[in-house]
Amino acid sequence: MMRSKVLSLVPRATGVCRHMSTATKLTTVAVDDKTGIATLTMNRPPVNGLNLDLLRDLNQSIGEVEGNKSRGLILTSSNPTIFSAGLDILEMYKPDKDRIREFWTALQDVWLALYGSSVPTAAAINGHSPAGGCLLATSCEYRVMLPKFTIGLNETKLGIVAPKWFMSSFLSVLPRREAERALNQGRMFTTEEALSIGLIDEVAISKEQALDKCAQFIGTFAKVNPLARSLTKQQLRAVELQQLENERAQDLERFLFFVNQPSVQKGLGIYLESLKKKAKN
Ligand SMILES: CCCCCCCC/C=C\C/C=C/C(=O)SCCNC(=O)CCNC(=O)[C@H](O)C(C)(C)COP(=O)(O)OP(=O)(O)OC[C@H]1O[C@@H](n2cnc3c(N)ncnc32)[C@H](O)[C@@H]1OP(=O)(O)O
């Protein structure tokens, strides 16, 4: 059955996959007709850096999945080695004063939409997932990761501070003691370490297997009343969601103040240079 504007038909392992009405370019949403599960794929080369445009497209795609009665949402990446490199540092380094406000507001929107999503969510982490990438993954209810990649909130290593709501997502997954230590250290975990600490739920040997495992997780809710499930999830997440809703304006001002500090700008510049040098070698 056609559930939205259909742009193309692509066969997948589980059923016929319909590409939904994503007029956007940096994300795609494909709904499996058999399972009813939507796969939201980030596609912003080279590293899925979360810039304003990708954040806007993510927002639109999450909204689309909420609106099209999908049974669940799987978040993944079209890049074979990177889930997301986190926030695009170019948005924060020597920023345009209007754009950076829109950027942070769009990031808040994405977190509120994903962490507060009414459908079951899972991340197929098919590559590295630092900082903002880890935020996206930990906003989902389940995580399956491929071997030999890294995940974590490395902000302190960059001389920046993860905002409270980044920490909320992290704390919804990890025990407090582990989360506190990892945040203070800015620690990046290998796939194997992430599994042993509980930061991810399963390891998969391929992206296809990761998507299948995420679909299996979403399938565990098949016999649960959808309204009861979604209200339960929302009650469990309400405190953190409400806190950001209440403090959005202050959170934005705190971010702007912090990111515009000369020492922070200097640190971001040095970090960007080191990434570029690494890329050249
Ligand atoms: C008191 C309360 C105050 C609150 C204030 C809040 C302030 C804090 C604000 C925000 C929190 C920040 C969150 C973040 O997400 S910051 C971003 C953190 N991300 C990283 O540290 C990842 C950096 N990247 C990497 O480690 C690697 O690139 C990789 C592992 C993701 C991929 O490696 P590889 O495949 O080898 O690719 P390259 O390194 O060669 O990179 C290719 C290309 O892409 C550029 N690039 C990589 N990451 C980023 C990025 N995050 N932003 C912008 N650009 C990036 C890299 O420079 C290369 O560019 P090129 O040389 O031009 O090709």
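An unreviewed UniProt entry annotates the protein as Enoyl-CoA delta isomerase 1, mitochondrial originating from Drosophila virilis. UniProt's Pathway (unreviewed entry) comment on the protein is quoted here verbatim: "Lipid metabolism; fatty acid beta-oxidation."

**Details of the overall build of the protein**
Across its full length, the protein carries 10 helices and 11 strands. A compact globule built from 281 residues should have a C-alpha radius of gyration of about 19 Å, and the protein, at 18 Å, falls within 12% of that. Taken along the three principal axes of its C-alpha coordinates, the protein extends 55 × 45 × 40 Å. Within the protein, buried positions represent 43% of all 281 residues. For the protein, the share of sequence-separated contacts (at least 6 apart) that also reach a separation of at least 24 residues comes to 69%.

**Considerations on helix 10 (residues 262–280)**
Compared with the 27 Å implied by 1.5 Å per residue over 19 residues, the 27 Å span of helix 10 between its first and last C-alpha is a close match. Here helix 10 lies mainly on the outside; one of its 19 residues are buried.

**A word on the site of the ligand**
Every one of the 30 residues lining the ligand counts as a neighbour, but Gly86, Ala131, Gly132, Leu275 and Ala279 are closest to it. Among the secondary structure elements, those contributing two or more residues to the shell around the ligand are helix 2 (89–92), helix 9 (226–259) and helix 10. The residue inventory of the shell around the ligand, partitioned by class, reads 19 nonpolar, six polar and five charged.

**Things to note about the packing of helix 3 (residues 97–115) against helix 9**
Packing of helix 3 against helix 9 brings their axes to within 10 Å, and their N-to-C directions diverge by 175°. It follows that helix 3 is roughly antiparallel to helix 9 by the angle criterion. For the pair helix 3 and helix 9, the contacting residues are Ile100, Arg101, Trp104, Thr105, Gln108, Leu112 and Tyr115 in the first and Arg237, Leu241, Leu244, Arg248, Asp251, Leu252, Phe255 and Leu256 in the second. Its residues assigned to classes, the contact of helix 3 with helix 9 comprises nine nonpolar, two polar and four charged.

**A closer look at the sheet that holds strand 7 (residues 129–130)**
Spatially, the three strands line up as an open sheet ordered 7-9-10, and their pairing is mixed. Both edges of this open sheet fall to strand 7 and strand 10 (189–190), since each of them pairs with a single strand only. With two bridges joining them, strand 7 and strand 9 (residues 150–152) adopt parallel strand pairing. Of the residues in strand 9, the one forming a bridge with serine 129 is isoleucine 151.

**Some remarks on the nonpolar core**
With 71 residues, the main nonpolar core has Ile74, Ala122, Ala124, Ile125, Val144, Ile151 and Cys214 as its most contacted residues. Top element by residues in this core is helix 3. It accounts for eight residues.

**Details of the pairing of strand 8 (residues 142–145)**
Burial along strand 8 is two-sided: the residues Tyr142 and Val144 and Arg143 and Met145 are all buried. In this structure, strand 6 (residues 121–125) lies alongside strand 8, joined through four bridges in parallel fashion. Its bridge partner being in strand 8, alanine 123 is matched across the sheet by arginine 143. Relative to strand 11 (residues 202–203), strand 8 is paired through two bridges, and the arrangement is parallel. Residue pairing for strand 11: methionine 145 is matched across the bridge by valine 203.

**Some words on the pairing of strand 4 (residues 37–42)**
Burial runs high along strand 4: six of the six residues are buried. Residues Ile37, Thr39 and Thr41 point to one face of strand 4 and Ala38, Leu40 and Met42 to the other, with burial holding for every one of them. Between strand 3 (residues 27–32) and strand 4, which pair antiparallel one after the other, the connecting turn spans four residues, and glycine 36 there sits at a positive phi close to 75°. Across six bridges, strand 4 lies against strand 5 (residues 72–77) in parallel orientation. Note on strand 5: the bridge partner recorded for leucine 40 is leucine 75.

**Comments concerning the environment of phenylalanine 189**
Mapping phenylalanine 189 onto the fold places it in strand 10. Looking at phenylalanine 189, the number of C-beta atoms within 10 Å reads 20, which means it is buried. In sequence terms phenylalanine 189 and leucine 54 are 135 residues apart; their C-alpha atoms lie 25 Å from each other. With sequence-adjacent residues up to four places away left out, phenylalanine 189 is seen in contact with Thr150, Ile151, Gly152, Ala194, Ile197 and Leu199.

**A short note on helix 9**
One full turn of an α-helix is made of 3.6 residues, so residues set three or four places apart face in the same direction. With 34 residues, helix 9 extends just 41 Å between its outermost C-alpha atoms, more than 12% less than the 50 Å of an ideal straight helix rising 1.5 Å per residue. The axis of helix 9 is deflected most strongly, by about 70°, at glutamate 247.

Criteria and thresholds
Residues numbered from 1 in each chain as written. Predicted model: local features only at pLDDT ≥ 70, side-chain atom pairs only at ≥ 80, totals over all residues. UniProt positions renumbered as here; feature names shortened; annotations may be inferred. Helix = DSSP H or I, 4+ residues; strand = E, 2+ residues; numbered from the N terminus. Rg over C-alpha atoms; globule rule 2.2 N^0.38 Å. Buried ≥ 20, exposed ≤ 12 C-beta atoms within 10 Å, placed from the backbone. Contact = placed C-beta atoms within 7 Å. Expected span 1.5 Å × (residues − 1). Near = placed C-beta within 6 Å. Nonpolar A, V, L, I, M, F, W, Y, C, P; charged D, E, K, R; others polar. Axes fitted to C-alpha atoms, helices over the stretch in contact; angles between N-to-C directions. Parallel < 35°, antiparallel > 145°, perpendicular 65-115°, else oblique. Pairing = 2+ DSSP bridges. Core = buried A, V, L, I, M, F, W, Y, C linked by C-beta atoms within 7 Å. Bend = angle between axes of the 7 residues up to and from the residue.

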